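Tertiary structure, described
Residues per chain are reported as follows:
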Amino acid sequence: MLDKTFIPSDVEGRLYREWEQSGAFSCGGATADASNHPPYSIVIPPPNVTGSLHMGHALNNTLQDIMIRLQRMRGHDVLWQPGMDHAGIATQMVVERMLEAEGKTRQDLGREKFIERVWEWKEESGGTITGQLRRLGASCDWPRERFTMDEGLSKAVHKVFVELYKQDLIYKDKRLVNWDPKLKTAISDLEVQQTEVAGHLWHINYPLEDDDGRFITVATTRPETMLGDTAIAVHPDDDRYKDLVGKYAILPLVGRRLIIVADAYADPEQGSGAVKMTPAHDFNDFEVGRRHGLEMINVLDEEARINENAPAAYQGLDRFVAREKILADLDAQGLIARIDDHTHMVPYGDRGNVPIEPWLTEQWYADAETLAKPAIEAVRSGRTKFVPEMWEKTYFEWMENIQPWCISRQLWWGHQIPAWYGPDGEIFVEMTFAEVEAAALAHYGEAVELRQDEDVLDTWFSSGLWPLTTLGWPDKTPELERYYPTSLLVTGFDIIFFWVARMMMFGLHFHGEVPFDTVYIHALVRDAKGQKMSKSKGNIIDPLELIEKYGADALRFTLASQAAQGRDVKLSEQRIEGNRNFATKLWNAARFCEMNGCALQADFDPAAVKGTVNQWLVGQLKVAQDRISAGLDGYRFNEAANDAYHFVWGTFCDWYVEFSKPVLQGPDGPAKVETQATAAWAIDAILRLLHPFMPFVTEELWGRTAAREGMLVRADWPNHGDDLINNEAAEEIEWVIRMVSEIRSIRAEMNVPPGAKIPLYLGGASGETLARLERQRDLITTLARISETAEQSGDLPPGSVQTVVDEATLVLPLADVVDLDQERQRLGKAVAKLDGQISGMEKKLANKGFTDKAPVEVVETQRERLAETERTREKLRDALSRF
């Protein structure tokens, strides 16, 4: 007998262990029968080894697990490849903080010992998130777990670097990078956070050469970088400066001649229309500098202090200290024309948490433009599809304007760049050190001392190989042959360029095939008000706390039901609580069936049931099966989840259980036997349909409601045919539902006492309606609390309320059970109150001061409240109209 209540924490850990220990998540591998079990594979977006489960992970992995469980039940040979990313900067920072607590630095240990400490930390504390993914129910093939720094993947990374270098697709260059002066490394754009800062815009007069008393005014938010200015740009069509193009200004405090160039980058509408050019410290200026052959003068060192390329008075000063001194010196010379308050965005490193510097430095680069061309064509030709399709445009925009990819980082933890330098700086890149030595010997004619490059590769370099390397590439493994290209990638929009694009480039370049058929891009998880979650707002929702409180199934189902394509998820605890109640509803329905002798019958044929209610149910289940399957196949997770919810809660629990009670609790007979078998069959199908969304409660019920072979995780997905649909039965029972629902609605609106039975008269009813009433009289009178039914003839009974269902008018005499005058007054007052509330909300939304200044999510919430209030008012007006 099922327990009275379902307590998730009592079963989740046990069930997950049983799944793992039974090998339920294992793929078939090389021995799988491809004809009967076609492959279906997903590579998990590898979480950082330092990471903990956040709500983005919860959404991403819930959606993957839904598809994995679905395809496993469909009989596919499923591989969900797990693994973790070594997370260069994040991991190095964790271990450096540990050393700091010991009063040490990584330099104290040296590179080799420091890396040993990182590996020790990884083995002891890294990978917490894999246990947390298990709490969520993620059914990965865990024995196949990979790590971006393990031996096999490291070999592949080495091979890729060497081959790209020999193909002239990797090279060294001096370009601007995002430089974190605290961590002293280049970082990717994804690791840069734009932060709004209340600052100033300084307008500075630059004297013109050989033109005493005439200036050209430039505006800047960063006066310290002016020490590196090498030109001034004006728009070629700006008449104010046409006579100055080709002439020179003098850089204040430095005395350098600055040529004035015409370039479309300068905006005549911004500031004075003249822009100072600092090619070594601004990405836009760098491009202008390349177009005009400008000198690039780096005036900052790796810690963002003024270096030897600036006047002696500023050398060694921190950038912000130098700013104040430069402004004071400019002011003393009367060169500051004006100062404006100016709120602007400043780029911060997300790890170092200090403003980053565009910094001119020599780094390793990959020729991303060349690598991108086949990746662009693969999406254009449909070999890889994006869902929603709108993200293809974003992909194309990024890929068609791609810049050289900086692949080197000034860290110790990561894949050390496999390049060695000879005494004169000559570079040698080979697969083994023996080959490097041989190449150096051939070059120099003698053995020389060789030094390996100290930098490591960008983390995205190794993760860009993830679909290949996790399946064994560069070796020709059976897994690579069977599961590549993978079937689906589920990821966030923010890493389309950083990760998806790199996997596309590497997959095509090294294996000649796209890495995945479909890329599903999910949106952000926001709080209930639609605001982005952040520590500063204090609105971060911890998925593990929610799992502890409501169970993993409730969280998973909530995320799936809110995952509409192209729309952010608004997550509220109230919804999760509601879906915990949904799991409870399912449990109670199964318990009801168990208590009423509903047991699976091996020879049960749902297409052969005779009872109208049973015919309706099996047909409705077939419809739900098709809708859920179509929703999942189209990655419309919210539609599939909501179809499942409405069938289980509405069709089965609310209606079928109520319809079947009189039969199940009545005398024995064929109708009872058929209803018991039908209910048990329906519960079995429901558990299958809900399993991808809610694996724990369904697996527990599967094991406790019948003696079945095997676990639900490996059971078949429902695939019933159209022979289950009986249109006549469906129409008749849907008519019963409309009748009962309408009568119940009137009873509620009119405050009819729950226990009171009232008569029902039908006017204008067709012969078919009257025949249905005759056949289903017992159901209607029981569920709608009706004392008698008859055709309406003659005058209406006093105190009657009327409504319409289809062509028939329903007449319900209420004078004996409610005070109708009092009800009219109550409803009238309620409508008047809502009129006032609606008027106030409409005025607020018509106020541009509110709609322009309030956050978008606040305005949207106000509109939603208005719509809901209007719907409530309409329902009350309908009730009044029935008198």
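Criteria and thresholds
- Residues numbered from 1 in each chain as written.
- Predicted model: local features only at pLDDT ≥ 70, side-chain atom pairs only at ≥ 80, totals over all residues.
- Heavy atoms only, no water.
- Helix = DSSP H or I, 4+ residues; strand = E, 2+ residues; numbered from the N terminus.
- Contact = heavy atoms within 4.5 Å.
- Salt bridge = Lys/Arg side-chain N within 4 Å of Asp/Glu carboxyl O.
- Buried < 20%, exposed > 50% of the residue type's maximum accessible area, 1.4 Å probe, protein only.
- Pairing = 2+ DSSP bridges.
- Axes fitted to C-alpha atoms, helices over the stretch in contact; angles between N-to-C directions.
- Parallel < 35°, antiparallel > 145°, perpendicular 65-115°, else oblique.
- Nonpolar A, V, L, I, M, F, W, Y, C, P; charged D, E, K, R; others polar.
- Arc of directions from axis to C-beta.
- Phe/Tyr/Trp six-rings, centres within 6.5 Å; stacked < 30°, edge-to-face > 60°.
- Lys NZ or Arg CZ within 6 Å of the ring centre and 35° of its normal.
- Core = buried A, V, L, I, M, F, W, Y, C linked by side-chain atoms within 4.5 Å.
- Expected span 1.5 Å × (residues − 1).

All right, on to the side chain of His57 then. With respect to the element layout, His57 can be found in helix α2 (residues 55-73). Apart from the residues within four sequence positions on either side, His57 is in contact with Pro47, Ser52, Thr62 and Ile129.

By the definition in use, this model includes 67 salt bridges. Measuring nitrogen to oxygen at the nearest pair gives 3.0 Å for the salt bridge that ties Glu102 to Arg117. Here Glu102, found in the loop between α3 (88-101) and α4 (106-109), pairs with Arg117, found in helix α5 (residues 111-124); they are 15 residues apart in sequence, far enough to count as distant. Residue classification places Glu102 among the partly exposed residues on the basis of a relative accessible area of 41%. Residue Lys122 is joined to Glu123 by a salt bridge in which the shortest nitrogen-to-oxygen separation is 3.7 Å.

Turning to the pairing of strand β28 (residues 800-805), a few remarks are in order. In terms of strand pairing, β28 meets strand β29 (residues 808-813) through six bridges, oriented antiparallel. When the bridges of β29 are listed, Val801 appears paired with Leu812. Linking two consecutive strands that pair antiparallel, namely β28 and β29, is a turn of two residues; a positive phi of about 55° is found at Asp806 within it.

Attention shifts here to the sheet that holds strand β7 (residues 192-207). Judged by pairing direction, the sheet is antiparallel, and its three strands sit side by side in the order β8-β7-β13 without closing on themselves. The sheet is open, and its two edges are formed by β8 (215-220) and β13 (336-349), each paired on a single side. Across the sheet, the axes of successive neighbouring strands diverge by a mean angle of 20°, strand direction being ignored. As defined by bridge partners, β7 adjoins β8 across six bridges and the pair is classed as antiparallel. Residue Pro207 lies in a different strand from β8, and its bridge partner there is Phe215.

Read from one edge of the open sheet, four strands run β6-β5-β14-β16, paired in antiparallel fashion. Strands at the two margins of the open sheet, each flanked by one partner only, are β6 (185-187) and β16 (405-406). By the bridge criterion, 10 bridges tie strand β5 (residues 170-180) to strand β14 (residues 357-366) in an arrangement that is antiparallel. In the strand pairing of β14, Lys174 is matched with Glu362.

This part takes up the packing of helix α17 (residues 543-550) against helix α18 (residues 552-562). Relative orientation of the contacting elements α17 and α18 amounts to 120°, with a least axis distance of 7 Å. It follows from the interaxial angle that α17 and α18 lie oblique. Facing α17, whose interface residues are Pro543, Leu546, Ile547 and Tyr550, α18 presents Ala552, Ala554 and Leu555. Taken together, the residues of the contact of α17 with α18 sort by class into seven nonpolar, no polar and no charged.

To continue, consider helix α25 (residues 767-775). Every buried residue of α25 is listed here: Thr769, Arg772 and Leu773. One side of α25 holds all its buried residues, which, seen down the axis, span an arc of 100°. Along α25, exposed side chains directed more than 90 degrees from the buried face belong to Gly767 and Glu774. In the core, the buried residues of α25 are packed alongside α24 (727-749), β26 (758-763), α26 (777-783), β27 (786-791) and β29.

A few words now on the environment of Met750. Its location among the elements puts Met750 in the loop between α24 and β26. C-alpha separation for the pair Met750 and Lys622, spaced 128 residues apart in sequence, amounts to 37 Å.

Turning our attention to unusual backbone geometry. Cis rather than trans, the peptide bond between Trp473 and Pro474 has omega equal to 15°. In this chain, Tyr484 is followed by Pro485 through a cis amide linkage whose omega measures 0°. Of note, Pro485 is situated in the loop between α15 (478-483) and β22 (486-492). Despite not being glycine, Asp168 has its phi angle at roughly 60°, a positive value.

Let us now look at the packing of aromatic side chains. Tallied over the entire structure, the rule returns 38 aromatic pairs. Ring centres of Phe461 and Phe506 lie 5.3 Å apart, and the angle between their planes is 70°; this geometry places the pair in the edge-to-face category. Taken as a pair, Phe461 in helix α13 (residues 459-463) and Phe506 in helix α16 (residues 496-511) lie far apart in primary sequence, 45 residues in all. The same class applies to Phe461 and to Phe506, which are both buried. Measuring from ring centre to ring centre gives 5.6 Å for Trp655 and Phe659, while their planes differ by 35°; the resulting arrangement is tilted. One end of the pair is Trp655 and the other is Phe659, both in helix α21 (residues 637-664) and four residues apart, which spans about a single turn. Phe659 gets classed as buried once you look at its relative accessible area, which sits at 3%. Within the aromatic cluster, the residues linked to one another by ring pairs are Trp405, Phe461, Trp473, Phe506 and Phe510. Between Arg106 and the ring centre of Trp412, over which it is positioned, the NZ or CZ distance is 4.7 Å. Here the guanidinium or amino end of Arg380 rests over the ring plane of Phe396, the centre of that ring lying 4.0 Å away.

Below, the discussion takes up the nonpolar core. One finds Trp616, Leu632, Phe652, Phe659, Leu690, Phe693 and Leu814 to be the most contacted residues of the largest nonpolar core, which totals 139 residues. Counting residues per element, this core draws most heavily on α21, at 13 residues. Residues contacting Phe659, with those up to four places away along its chain left out, are Val613, Trp616, Ile733, Val736, Ile737, Leu779 and Leu783. One finds Leu153, Ala156, Leu371 and Val379 within the second-largest nonpolar core, a separate group that totals 62 residues.

Taking 1.5 Å per residue, 13 residues should reach 18 Å; helix α10 (residues 368-380) reaches 18 Å between its end C-alpha atoms and fits that length. Among all positions in α10, only Ala368, Leu371, Ala372, Ala375, Ile376, Ala378 and Val379 are buried. Residues of α10 that are buried sit in contact with α7 (151-166), β14, β15 (385-387), α11 (391-400), β16 and α16.

It is the contact of α18 with α21, at a shortest axis distance of 6 Å, that shows an interaxial angle of 120°. Taken together, α18 and α21 sit at an angle that is classed as oblique. For the pair α18 and α21, contact is made by Phe557, Ala560, Ser561 and Gln562 and by Phe637, Asn638, Ala641, Asn642 and Tyr645, respectively. Within the contact of α18 with α21, the residues separate by chemical class into five nonpolar, four polar and no charged.

Shape descriptors only; they carry no functional weight alone.
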